[in-house]
Amino acid sequence: LIDHTWYDEGMLMIGFSDGYIISVSTHERDLGEEKQSVRFHPHSLINFTYNATLKKIASAGSDGVRVIDSKDFKEFKNDFIPTADLEVCMALTHLI
């Protein structure tokens, strides 16, 4: 287990080190029911965060950063940032 966060009304999002992010209901009628489960990162999930205003998830994993729609757990493929690009950005910030 990497982290968890509450989102929407009565939903719990949980991230696991093996790359999965899952959504579990805490509503009385379907308490504990897994609503979504997707492996977004092939090797490992490092961390994730949820933006309530945009209703989007950003997840960082061994292969890069992904942006995900929290309603249907579909990835915004055009927003993917591969690890190599992140390393270039980090190198540039050290030069400034």
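Residues numbered from 1 in each chain as written. Predicted model: local features only at pLDDT ≥ 70, side-chain atom pairs only at ≥ 80, totals over all residues. Heavy atoms only, no water.

Caption draft 1: Representation of the sheet that holds strand S6 (residues 56–61) in the model. Spatially, S5-S6-S7-S8 is the arrangement adopted by the four strands of the open sheet, whose pairing is antiparallel. The open sheet has two free edges, formed respectively by strand S5 (45–51) and strand S8 (81–82), since each of these has just one partner strand. Bridge count for S5 against S6 is six bridges, and the pairing is antiparallel. Bridging across to S6, asparagine 51 finds its partner in lysine 56. (Pairing = 2+ DSSP bridges. Helix = DSSP H or I, 4+ residues; strand = E, 2+ residues; numbered from the N terminus.)

Caption draft 2: Just the packing of aromatic side chains, in detail. Counting across every chain of the model gives two aromatic pairs. When the centroid spacing of 6.2 Å and the interplanar angle of 45 degrees are considered together, the rings of phenylalanine 40 and phenylalanine 73 count as tilted. Here phenylalanine 40, found in the loop between strand S4 (34–39) and S5, pairs with phenylalanine 73, found in the loop between strand S7 (64–69) and S8; they are 33 residues apart in sequence, far enough to count as distant. The buried category is assigned to phenylalanine 40, whose relative accessible area is 6%. Here phenylalanine 73 falls in the buried class, since its relative accessible area comes to 3%. (Phe/Tyr/Trp six-rings, centres within 6.5 Å; stacked < 30°, edge-to-face > 60°. Buried < 20%, exposed > 50% of the residue type's maximum accessible area, 1.4 Å probe, protein only.)

Caption draft 3: Fine view of the side chain of aspartate 30. In this fold, aspartate 30 is placed in the loop between strand S3 (20–25) and S4. Taking the relative accessible area as the measure of exposure, aspartate 30 reaches 12% and is therefore buried. Ignoring any residue separated from it by four or fewer positions in sequence, one finds aspartate 30 in contact with Ser25 and Lys35. (Contact = heavy atoms within 4.5 Å.)

Caption draft 4: How the structure looks around the side chain of glutamate 75. Looking at the element boundaries, glutamate 75 is found in the loop between S7 and S8. Overall, glutamate 75 belongs to the buried group, its relative accessible area being 17%. At 2.9 Å, the side chain of glutamate 75 forms a polar contact with the side chain of arginine 66. Beyond its immediate stretch of four places on either side in the chain, glutamate 75 contacts Phe40, Arg66, Val67, Ile68 and Phe80. (Polar contact = N/O pair within 3.5 Å; in protein donor to acceptor, adjacent residues only side chain to side chain.)

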